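Listed below, chain by chain, are the residues.
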Amino acid sequence: FTPRSVINIKTYIGQYSRLDFNVLQFIDGNQKYGLSMNFYAENSLIPMIKLRGNISDVIMRNFKPGLSFLRVLGLNQMMSISANYENLNLMPRYNTNYPLRNISYNYLSATYDYKINSVDTKYFPDKGTISNISVSTSKLFSAHINNESSETVYTTSSPGVFSFGGFYTIYGNVKHYFSPSKKLTFSLGADALYITKSDSIASQNNFYLLGGIESLNKRSVAMVGFNSNEIPVKKMAGIKSEIDIELFTNIHLNLMADFFAIQEADRDNGYSFLSGYGIGVGYMSVIGPFKIGLMRGNYKQEVFFRQTKGYISFGYNF
């Protein structure tokens, strides 16, 4: 709409939907400094989580508007400082004697991000690096528990079971691609997460979600061998590896293996060790990448899902 402005709209339409809307206005002639207004919304499934003593699958609805100041550092690097309001709703789908409809959280966050993206193509790259370091501080200012017959509002003056102290989140990831030959590509990566003051599962606003071959939302971290968003975590560190063999033009064979140490969201101390591996076939079509394969995850606390799982992914992601 104006010189040096960019508008991006990305969406998934379906039962579990996402919308990412961003307006960017560069404020200098060299397009190095910019102001951004963004809005993110999602309706996602958490396959299994413990919520107020009950284990169930939960629908997570998230609304997150915000403002950012960004600085472009060369061709492949960018840093940004942002302020966001977030409304997070968790709606369990179990039927118990405790008729919980949803728990809602409202909080403010300030975040610093530093990103690098030098890959030659987004899907099935041959070389380059993708990296992101994010440091944020957040503070819960209100929460709601909605039962079938009543709704209770909690604030700093009447906290109830919620933790209203501020907390910090540090998350980083890196993945590097290199090709020793034209048809063969290796990738190595790592992820790390640390959240402070995650001492109570009642404060479900400070957690990430581990699992899946791709990240599905701003809280999720991919790990082969597990369902998307399967394991809520508050601390983790892991390494990832993948071999990509281009069998024919735009047809790829992928071999994957990951290893993570995690502290689950409902755990106060100690760590679990997870490993996962998989094999898949990918095709880069004119309407997006297609992936299909089998994977297996090893996790002592996985009692609700099979160790061996299949996956299908079709279309562009964000």
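Above this text is the structure in question.
Residues numbered from 1 in each chain as written. Predicted model: local features only at pLDDT ≥ 70, side-chain atom pairs only at ≥ 80, totals over all residues. Heavy atoms only, no water.

### Looking at the packing of aromatic side chains
Move 1: Applying the stated criterion across every chain yields a total of 11 aromatic pairs.
Move 2: Ring geometry for Y33 and F69: centres 6.2 Å apart, planes at 25 degrees, overall stacked. Of this pair, Y33 sits in strand β3 (residues 33-51) while F69 is found in strand β4 (residues 54-72), placing the two residues 36 residues apart along the sequence.
Move 3: Its relative accessible area of 35% is what places F69 among the partly exposed residues.
Move 4: Consider the rings of F226 and Y299, whose centres lie 6.2 Å apart with planes at 75 degrees: the pair is edge-to-face. Placement of the pair is F226 in the loop between β12 (220-221) and β13 (231-248) and Y299 in the loop between β16 (288-298) and β17 (308-314), with a sequence separation of 73 residues. Of the two residues, F226 and Y299, both sit in the buried class.
Move 5: Aromatic ring contacts, followed pair by pair, group Y105, Y154 and F162 into a single cluster.
Move 6: Above the ring of F207, the side-chain terminus of R219 is found at 5.1 Å from the ring centroid.
Move 7: The ring of F124 carries the charged tip of K291 above its face, separated from the ring centre by 5.6 Å. (Phe/Tyr/Trp six-rings, centres within 6.5 Å; stacked < 30°, edge-to-face > 60°. Helix = DSSP H or I, 4+ residues; strand = E, 2+ residues; numbered from the N terminus. Buried < 20%, exposed > 50% of the residue type's maximum accessible area, 1.4 Å probe, protein only. Lys NZ or Arg CZ within 6 Å of the ring centre and 35° of its normal.)

### Overview of the pairing of β3
Move 1: In the sheet, strand β2 (residues 18-26) pairs with β3 via nine bridges, with the strands oriented antiparallel. Looking across to β3, one finds that N22 is bridged to N38.
Move 2: Adjacent in sequence and paired antiparallel, β2 and β3 are bridged by six residues, among which Q31 carries a positive phi angle near 55 degrees.
Move 3: The pairing of β3 with β4 spans 17 bridges and is antiparallel. Considered in β4, the bridge of L51 is made with N54. (Pairing = 2+ DSSP bridges.)

### Here we look at a positive patch on the surface
Move 1: Taken together, the side chains of K10, K115, K122 and K218 make up a positively charged region of the molecular surface.
Move 2: Examined against the element boundaries, K122 turns out to sit in the loop between β6 (100-117) and β7 (128-147). (Patch = residues over 30% accessible without salt bridge, like charges linked within 9 Å, V, L, I, M, F, W, Y side chains within 5 Å. Areas by Shrake-Rupley, 256 points an atom, 1.4 Å probe, with all protein chains shown as cover. Salt bridge = Lys/Arg side-chain N within 4 Å of Asp/Glu carboxyl O. Lys, Arg positive; Asp, Glu negative; His and termini not counted. Charge placed at Lys NZ, Arg CZ, Asp CG, Glu CD.)

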